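In case you want the letters, here they are:
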Amino acid sequence: MTALTTSAPREMNKPQTPDNNAILRYHEKIQCGEIIVGEKVRTVYEHLAKKVFSPEDEYIYNADRALHIIEFYERYLRHSKGALAGKRVRLELWQKAFFSAAFGFTDINGIRQYRRIILIVGKKNGKSFMASGVGLYGLTADGEGGPEIYSVATKRDQAKIIWEESKRMRNKSPALRRRIRATVAGLFYDDVDGLYKPLGSNVDTLDGLNISVALMDEFQQWKHGRALYDIIADGTSAREQPIIMMTSTAGTIRDDIYDEIYEEGTLILDGYKDPNGVKDIHTLPIIYEIDKKEEWDKPNMWVKANPNLGVSKSLEYLEDKVQKAKQDQKLIKNLICKEFNVRETAQSALFSWEELNNETTFEFKQDCFLVHTQKNGKKITEKLKRPDYGVAGFDLSVRGDLTAAVVNFSFPEDDRLFTMPMFWMPEDTVEKHLKSDRVPYDKWIEKGFVRVSPGNQINYKLITKWFLEVKEGLDIYLPWIGYDPAYAAYLEDELKQIFGQSAMQPVRQGFITLGMPMATIIKKYKAHQVIYNNNPVFKFNLRCVSVEEDRNGNLMPSKRQKGNMRIDGFAAQLDAWTVMQNKHDEYQALIEN
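Quick look at the structure, then. (Residues numbered from 1 in each chain as written. Predicted model: local features only at pLDDT ≥ 70, side-chain atom pairs only at ≥ 80, totals over all residues. Heavy atoms only, no water.)

**What about the overall build of the protein?**
No. 1: Per the secondary structure count, the protein includes 20 helices and 22 strands.
No. 2: Taking 2.2 N^0.38 as the reference for a compact globule, 593 residues should give roughly 25 Å; the C-alpha atoms of the protein span a radius of gyration of 27 Å, in line with that estimate.
No. 3: In terms of overall dimensions, the protein has a C-alpha envelope of 85 × 55 × 45 Å along the principal axes.
No. 4: Taking the intrachain contacts of the protein between residues at least 6 apart in sequence as the baseline, contacts between residues at least 24 apart amount to 72%.
No. 5: For the protein, the exposed surface amounts to about 25800 Å²; the carbon and sulfur share of it is 48%.
No. 6: Considering the protein, the positive charge centre built from 83 side chains and the negative charge centre built from 83 side chains are found 6 Å apart. (Helix = DSSP H or I, 4+ residues; strand = E, 2+ residues; numbered from the N terminus. Rg over C-alpha atoms; globule rule 2.2 N^0.38 Å. Contact = heavy atoms within 4.5 Å. Areas by Shrake-Rupley, 256 points an atom, 1.4 Å probe, with all protein chains shown as cover. Lys, Arg positive; Asp, Glu negative; His and termini not counted. Charge placed at Lys NZ, Arg CZ, Asp CG, Glu CD.)

And the structure:
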């Protein structure tokens, strides 16, 4: 008995329209307001809809592959529980769009584009059912030789949840019962030497796996989950088109694998809008969540985190949960987290994409300073006098990762703040950070946004050299340089010798020192008055900024950053901005003369 097939007609050469393409139909309904989604879902389907017609890489939309998995679900799978137990599955539009996206983009040889699929959605929206079906599809219908499918978690009991649902679905389906042999140890498709097992994180037994499909459900519950994730990811390396499917709701375990995956997904979504942003063409992040915490008691917003509301998740259930939370505020945090996918105990990103994204650029000419903006699709160039004075700042890396320096400057009677950033990374750590941070440092280095320092540590003389380039090459005098004095003794002494004793302005890293400058620079960002030359590394840093707040409402950048989050550019800018605020009258007198 061979792999399962479907009767789906060949669709590759048919024009794709909302009538025959679930991605386009879903996107159309989102665009016209018939379906309400959050910004992250809107962003990903705008991107996918464009890809259907205009591939931006070597992958094209393969309608046959998309329809194949949809028909597999609706022809072979049956519900295992509840009122629908034993009845054929009928996918909702959002699920069809999801599977069309995850399985429908291939290269010209039919090799799938997406190897890692992230689905974050509120409770009771069918994510475990969807993952269980992918396991059965990978075992019986994907055409993979010797498929190995694993449901993975840090605890085997948790890993068995998805696997047991797959087993129940197999038992309900006559076609799958004939093909799949079920034992207490696993599910086996003997005709193709396929197996499907639950797998806990006993790392002594995980090496040597040849994984075709890995299902990671509720990974928000994983503690110390990165090691397990890396082992499983390495186990897929021998396959041409493996799948790592990660499904979860939000959770309360911070600074672990969930936060890392969520942040990676967010950066990838931002990269759809930014040509120089983070790119990962093999990851598909689908994140259903409300956009603001305040939306939790607005019924018309609930569907943003619950696309299956009214189907697998009843409206009455959610209304009851919300009503109880209104009566007992202790329930609100858990409600917002589990039902609406807001990481309640997480440090939220300081800036939204819309607030931080500023594509205005500037350039220095011999006799003037040009500012280029886009308005209604047209480039508008503003000609200004070259700046004579700037205020610098720097943020040194403690662990030898990313170091940043900036020069801020402004013009009389102009509310805009202009920032020139520069970054450094040790040459020996670039490959490591390409993997850990999942951002294109190599491309940024090629384009000059990041400079490498020989060895495994930053040579701080390179910062001095750059400040001199600004001073001598651009003829911008730097009367003051702001910095965190905690780790800067050597560089401080060197800069004093060049720029003068009074130039060095220590900026203590605390709420008292940073609170007011932080408040004012946030206002500038929200008013789109901070011009950083559309620098992609600086933009990445801005996306990573989270904040701490004292009891008086003062903010400062959080120093408890996760390993792949970098805020060095913003920290350097804030140090320079703090000095600009402290020296406001003196700086204004300089630039007005």
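**What to know about the layout of surface pockets**
No. 1: For the second largest pocket, the calculated volume is near 1000 Å³.
No. 2: Considering the residues around the second largest pocket, the lining is formed by 35 residues, among which Arg116, Asp280, Leu434, Lys435 and Arg438 are closest to the centre.
No. 3: Looking at the lining of the second largest pocket, the elements with two or more residues in it are α8 (225-235), α13 (430-437) and α14 (441-446).
No. 4: In the lining of the second largest pocket, the residues fall into 9 nonpolar, 9 polar and 17 charged. (1 Å grid on protein atoms, 1.4 Å probe; cavity = no way out; pocket = protein on both sides within 12 Å on 5 of 7 lines; lining within 4 Å. Points joined across faces, edges and corners; volume = space filled by probe spheres on them. Nonpolar A, V, L, I, M, F, W, Y, C, P; charged D, E, K, R; others polar.)

**Notes on the sheet that holds strand β6 (residues 187-189)**
No. 1: Read across the open sheet, the 8 strands follow the order β5-β6-β7-β4-β8-β9-β3-β10; overall the sheet is mixed. Each edge of the open sheet carries a strand with a single partner, namely β5 (181-182) and β10 (283-287).
No. 2: Pairing analysis gives 5 bridges linking strand β3 (residues 116-120) to strand β9 (residues 243-248), with the strands arranged parallel. Paired with isoleucine 118 across the two strands is methionine 246, which belongs to β9. (Pairing = 2+ DSSP bridges.)

**Side note on the sheet that holds strand β12 (residues 369-375)**
No. 1: Taken in spatial order, the 3 strands line up as β11-β12-β13 in an open sheet, and their pairing is antiparallel. Looking at strand neighbours, the two that pair on one side only are β11 (361-364) and β13 (378-384), the edges of this open sheet. When the angles between neighbouring strand axes are averaged without regard to direction, this sheet yields 25 degrees.
No. 2: Where β12 meets β13, 7 bridges bridge the pair, whose relative direction is antiparallel. Among the inter-strand pairings, leucine 370 is bridged to a residue of β13, identified as lysine 383. (Axes fitted to C-alpha atoms, helices over the stretch in contact; angles between N-to-C directions.)

**Concerning the pairing of strand β14 (residues 389-395)**
The side chains of a regular strand alternate between both faces of the sheet.
No. 1: When you tally the buried positions in β14, you get 6 out of 7 residues, the bulk of the element.
No. 2: Relative to strand β18 (residues 477-483), β14 is paired through 5 bridges, and the arrangement is parallel. When the bridges of β18 are listed, alanine 392 appears paired with isoleucine 481. (Buried < 20%, exposed > 50% of the residue type's maximum accessible area, 1.4 Å probe, protein only.)

**Examining unusual backbone geometry**
No. 1: Phi is positive for aspartate 193, which is not a glycine, with a value near 55 degrees.
No. 2: Note on aspartate 193: relative accessible area 63%, which makes it exposed.
No. 3: Not every positive phi belongs to a glycine, and glutamate 413 is a case in point at roughly 55 degrees.
No. 4: Here glutamate 413 lies in the loop between β15 (403-409) and β16 (417-426).
No. 5: Since its relative accessible area comes to 86%, glutamate 413 is described here as exposed.

**Some remarks on the pairing of β11**
No. 1: Of the two faces of β11, the one holding Phe362 and Phe364 is buried and the one holding Thr361 and Glu363 is not buried anywhere.
No. 2: Here β11 pairs with β12 via 4 bridges, running antiparallel. Of the residues in β12, the one forming a bridge with phenylalanine 362 is valine 371.
No. 3: Counted along the chain from β11 to the antiparallel partner β12, the turn is 4 residues long.

**Structural notes on the environment of isoleucine 531**
No. 1: Within the fold, isoleucine 531 resides in strand β20 (residues 530-531).
No. 2: Using a relative accessible area of 3% as the deciding quantity, one classes isoleucine 531 as buried.
No. 3: Between the C-alpha atoms of isoleucine 531 and phenylalanine 362, which are 169 residues apart in sequence, the distance is 8.3 Å.

**Quick word on the side chain of aspartate 217**
No. 1: By the secondary structure assignment, aspartate 217 is in strand β8 (residues 213-217).
No. 2: Judged by its relative accessible area of 8%, aspartate 217 falls in the buried class.
No. 3: Polar contacts involving the side chain of aspartate 217 include one to the side chain of serine 128, which spans 3.1 Å. (Polar contact = N/O pair within 3.5 Å; in protein donor to acceptor, adjacent residues only side chain to side chain.)

**Examining the packing of aromatic side chains**
No. 1: Scanning the entire structure with this criterion turns up 38 aromatic pairs.
No. 2: Between phenylalanine 351 and phenylalanine 570, the ring centres sit 6.0 Å apart and the planes meet at 75 degrees, which makes this aromatic pair edge-to-face. Linking phenylalanine 351 in the loop between α11 (332-340) and α12 (353-356) with phenylalanine 570 in helix α19 (residues 568-582), this pair joins segments that are 219 residues apart in sequence. Grouping residues by exposure puts phenylalanine 351 and phenylalanine 570 together as buried.
No. 3: Between phenylalanine 364 and phenylalanine 409, the ring centres sit 6.1 Å apart and the planes meet at 55 degrees, which makes this aromatic pair tilted. Taken together, the positions of phenylalanine 364 in strand β11 and phenylalanine 409 in strand β15 put the pair 45 residues apart, joining distant regions of the chain. Of the two residues, phenylalanine 364 and phenylalanine 409, neither departs from the other in class, the shared state being buried.
No. 4: Aromatic rings pair up to connect Phe72, Tyr73, Tyr76, Phe98, Phe99, Phe103, Phe129 and Tyr137 into one cluster.
No. 5: When the ring centre of phenylalanine 105 is taken as origin, the NZ or CZ atom of lysine 51, which lies over that ring, is 4.8 Å away. (Phe/Tyr/Trp six-rings, centres within 6.5 Å; stacked < 30°, edge-to-face > 60°. Lys NZ or Arg CZ within 6 Å of the ring centre and 35° of its normal.)

**Here we look at the environment of glycine 310**
No. 1: Note that glycine 310 resides in the loop between β10 and α10 (315-327).
No. 2: A sequence separation of 185 residues divides glycine 310 from asparagine 125, and the C-alpha atoms of the two residues are 9.7 Å apart.

**Quick notes on the nonpolar core**
No. 1: Tyr26, Tyr45, Tyr73 and Phe99 are the most contacted members of the largest nonpolar core, which has 90 residues in total.
No. 2: Other than its neighbours up to four places away in sequence, tyrosine 45 contacts Ile23, Tyr26, His27, Ile30, Trp94, Ala97, Phe98, Ile286 and Tyr288.
No. 3: Leu267, Val407, Phe411 and Val470 belong to the second-largest nonpolar core, a separate cluster that totals 80 residues. (Core = buried A, V, L, I, M, F, W, Y, C linked by side-chain atoms within 4.5 Å.)

**Description of the pattern of salt bridges**
No. 1: Inspection of the entire model under this criterion finds 39 salt bridges.
No. 2: In this structure, aspartate 57 and lysine 51 form a salt bridge, with 3.5 Å as the shortest nitrogen-oxygen distance.
No. 3: Note on aspartate 57: relative accessible area 22%, which makes it partly exposed.
No. 4: In this structure lysine 51 comes out as buried when scored by relative accessible area, which is 0%.
No. 5: Between aspartate 437 and arginine 566 there is a salt bridge, with its nearest N and O atoms 2.8 Å apart. Note that aspartate 437 is positioned in helix α13 and arginine 566 in the loop between β22 (555-557) and α19, a separation of 129 residues in sequence.
No. 6: Overall, arginine 566 belongs to the buried group, its relative accessible area being 4%.
No. 7: Three or more residues are tied together by salt bridges with common partners; here these are Arg116, Arg226, Asp230, Glu260, Glu264 and Asp280. (Salt bridge = Lys/Arg side-chain N within 4 Å of Asp/Glu carboxyl O.)

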